[in-house]
Amino acid sequence: MERHRGTVVRSRRPDRTPRPRTPAVLVVAILAALALILTTGGCTSRNAGESGPGRTGASNTDPALGWGFTHTQYSADTGDDDAVQRARDVLSAQGLPQDQAIMGWGAGNPEPSPGTYDFSDLDRRVKYIRSTGATPVITLCCAPDWMKGGRAGASKTDWSVKALESAPLPTHYKDFAALAAKVAQRYPDVRHFIVWNELKGFYNDTAQRWNYEAYTQLYNQVYDALKKVNKGNLVGGPYLVMDSYGPQDQSYASALKGPWGSVDQRVLDAFTYWNKHKKGADFAVVDGASFTRTNQMLPNAFGATDKLTAVTEWVRGQSGLPVWWAEYYVEPDKSGWSEQQRVATQAAGLMALARGGTSTAFYWSPEEQSGACPGCLWTPTQQDAGGKELPMYALIARFAKAFPPGTDFTTVSIADDDVPNVRVLASGKDVLVVNTLDRSIDAKVDGKSFPMAAYEVRWLTR
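Everything numeric in this text was worked out from a predicted model, so none of it was measured. (Residues numbered from 1 in each chain as written. Predicted model: local features only at pLDDT ≥ 70, side-chain atom pairs only at ≥ 80, totals over all residues. Heavy atoms only, no water.)

Participant: I keep staring at the state of the cysteines and nothing clicks. Help me out?
Facilitator: Disulfides are covalent bonds that link the sulfur atoms of two cysteine residues. This model, assessed by the stated rule, comprises one disulfide. Two residues share a disulfide in this structure: Cys-373 and Cys-376, whose sulfurs sit 1.6 Å from each other. What makes Cys-376 buried here is its relative accessible area of 1%. (Disulfide = S-S within 2.5 Å. Buried < 20%, exposed > 50% of the residue type's maximum accessible area, 1.4 Å probe, protein only.)

The following block contains the structure:
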């Protein structure tokens, strides 16, 4: 489940059924009216100067950013002041890369009418990311209503799922590319841009396939616009969902398969077309889950993560580009898992991504305003005592430090009776061991013997 500004939005799969995500609270859309009208270069706008607020640091132009997360509707930039600062302190300790969309997921309509801009929400998010010392990444999605056949005006923005998940009309591809350029000009230190999100609005229901030709046209115009602003800007797509099916479903079976299932051939066709006809790309972007469209975890939750390795290797082989996972999921919706099981399976997923040669991966940050927050990175900053680190953040931060992109992985010894029960990833300095069982075990890894609790995640130093 993805949360846009003011509504809970589920990405649409080819059969138009919602795709699973972490549960979140349904909220009411409240958009601020334009309060200030300025004249700048022939356009009216609010907060539309050529550079956004806050300090700008040295730009990171590495196409491999490592392990980070995506900001969603309720993030660490708003709430109780002390909680916001506590979260900032947590995030500043390491500066994991952070991604933010230009419209939705906590950001309002950036261009409610042609030539009229409102970057207030995006400014706030980018400023917060900068304040943590992190590398900011911007996802260029979604599009203002008037680019999709809707009405112009901030008060008329339609935040429904159907409206927000619509693609720009071909006649407005140029306008969307111009908006992308405006964003790049406003945040000159941002050098990493993802074009669109999951091909939203580009599925052809009649033909039952992705309209990858249209998406590639949009992508190419945005690519040109961003490179015109700064040749050093790094651009990637197509942000496809690598859906898979169980072995019993041969409808869209492909050669990209394993015990975990088979990737939808229609998705591979879309990637192949984009890869052949794109004007250029600095990295290739995908997303997806380890489990199947019907929530099958094959052969089990931990074994299913091998899909992430296989997909990453396939994309690298096809494109020759650094591979980014804009989203990745290892837990079906309403799983009922404990936090310990959730973190253990996430650790296995990170291992699988790393083994495949992933260059960058963003954890889709769950959020709640109060109460329990399964899988969250920090306690909700809307609470007085919020902003505290949670186990999932500790895992991702430690993993990012131990296994950055390009790490040379090594083989370690594992006792024969432990091989089916543990997952291990090791470098020359660090070893990560995960107990995949819901019971305690006595493990022997890398010559060291130690007890492990059910679903325990343990770090060893070599």
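Participant: Sorry, what's going on with the side chain of Thr-312 here?
Facilitator: Here Thr-312 shows up in helix H7 (residues 306-319). Taking relative accessible area as the criterion, Thr-312 reaches 0% and is therefore assigned buried. What Thr-312 contacts, discounting residues up to four positions off in sequence, is Val-323, Trp-325, Leu-353, Gly-356, Gly-357 and Thr-358. (Helix = DSSP H or I, 4+ residues; strand = E, 2+ residues; numbered from the N terminus. Contact = heavy atoms within 4.5 Å.)

Participant: I would appreciate a short explanation of the environment of Tyr-203 in the present structure.
Facilitator: Looking at the element boundaries, Tyr-203 is found in strand E10 (residues 203-204). Taking the C-alpha atoms as reference points, Tyr-203 and Ser-166, 37 residues apart in sequence, are found 9.9 Å from one another. A polar atom in the side chain of Tyr-203 sits 3.0 Å from the side chain of Arg-266. (Polar contact = N/O pair within 3.5 Å; in protein donor to acceptor, adjacent residues only side chain to side chain.)

Participant: Please explain the packing of aromatic side chains as it appears in this structure.
Facilitator: The geometry of two aromatic rings is summed up by the distance between their centres and the angle between their planes. Taken as a whole and judged by the stated rule, the model has 22 aromatic pairs. Consider the rings of Phe-271 and Trp-274, whose centres lie 5.6 Å apart with planes at 55 degrees: the pair is tilted. Placement of both Phe-271 and Trp-274 in helix H6 (residues 265-277) is noted, with a separation of three residues, approximately one turn of the helix. The same class applies to Phe-271 and to Trp-274, which are both buried. Both rings, one in Phe-302 and one in Tyr-455, keep their centres 6.3 Å apart while their planes meet at 20 degrees; by these two values the pair is stacked. Separated by 153 residues along the polypeptide, Phe-302 in the loop between strand E16 (283-289) and H7 and Tyr-455 in the loop between strand E22 (448-452) and strand E23 (457-461) bring together distant segments of the chain. Of the two residues examined, Phe-302 and Tyr-455, each falls in the buried class. Members of the aromatic cluster, each reached through a chain of ring pairs, are Phe-176, Trp-196, Phe-202, Tyr-215, Tyr-219, Tyr-223, Phe-271, Trp-274 and Trp-314. (Phe/Tyr/Trp six-rings, centres within 6.5 Å; stacked < 30°, edge-to-face > 60°.)

Participant: Help me out: how do you make sense of the sheet that holds E23 in this one?
Facilitator: Paired through backbone hydrogen bonds, the strands of a sheet run either parallel or antiparallel to each other. The three strands are arranged E19-E20-E23 in an open sheet whose pairing can be described as antiparallel. With one partner strand each, in any of the chains shown, strand E19 (422-426) and E23 form the two edges of the open sheet. For this sheet, the mean inter-axis angle between neighbouring strands, taken without regard to orientation, is 20 degrees. In this structure, strand E20 (residues 430-435) lies alongside E23, joined through five bridges in antiparallel fashion. The residue bridging Val-434 from the neighbouring strand is Val-457, located in E23. (Pairing = 2+ DSSP bridges. Axes fitted to C-alpha atoms, helices over the stretch in contact; angles between N-to-C directions.)

Participant: Where do I start with the pairing of strand E18 (residues 360-364) in this structure?
Facilitator: For a regular strand, side-chain orientation follows a simple rule: the groups alternate between the two sheet faces. Most of E18 sits inside the fold, with five of its five residues counted as buried. Of the two faces of E18, the one carrying Thr-360, Phe-362 and Trp-364 and the one carrying Ala-361 and Tyr-363 are both buried. Relative to E18, strand E17 (residues 323-329) is paired through two bridges, and the arrangement is parallel. Across the sheet, Trp-324 pairs through a bridge with Thr-360, a residue of E18. Tracing the backbone out of E17, into helix H8 (residues 339-356) and back to the parallel element E18 gives a crossover that is right-handed. (Right-handed = clockwise from strand over helix to strand, strands pointing away.)

Note that every value here comes from positions in space, so none of it alone points to a role or purpose.
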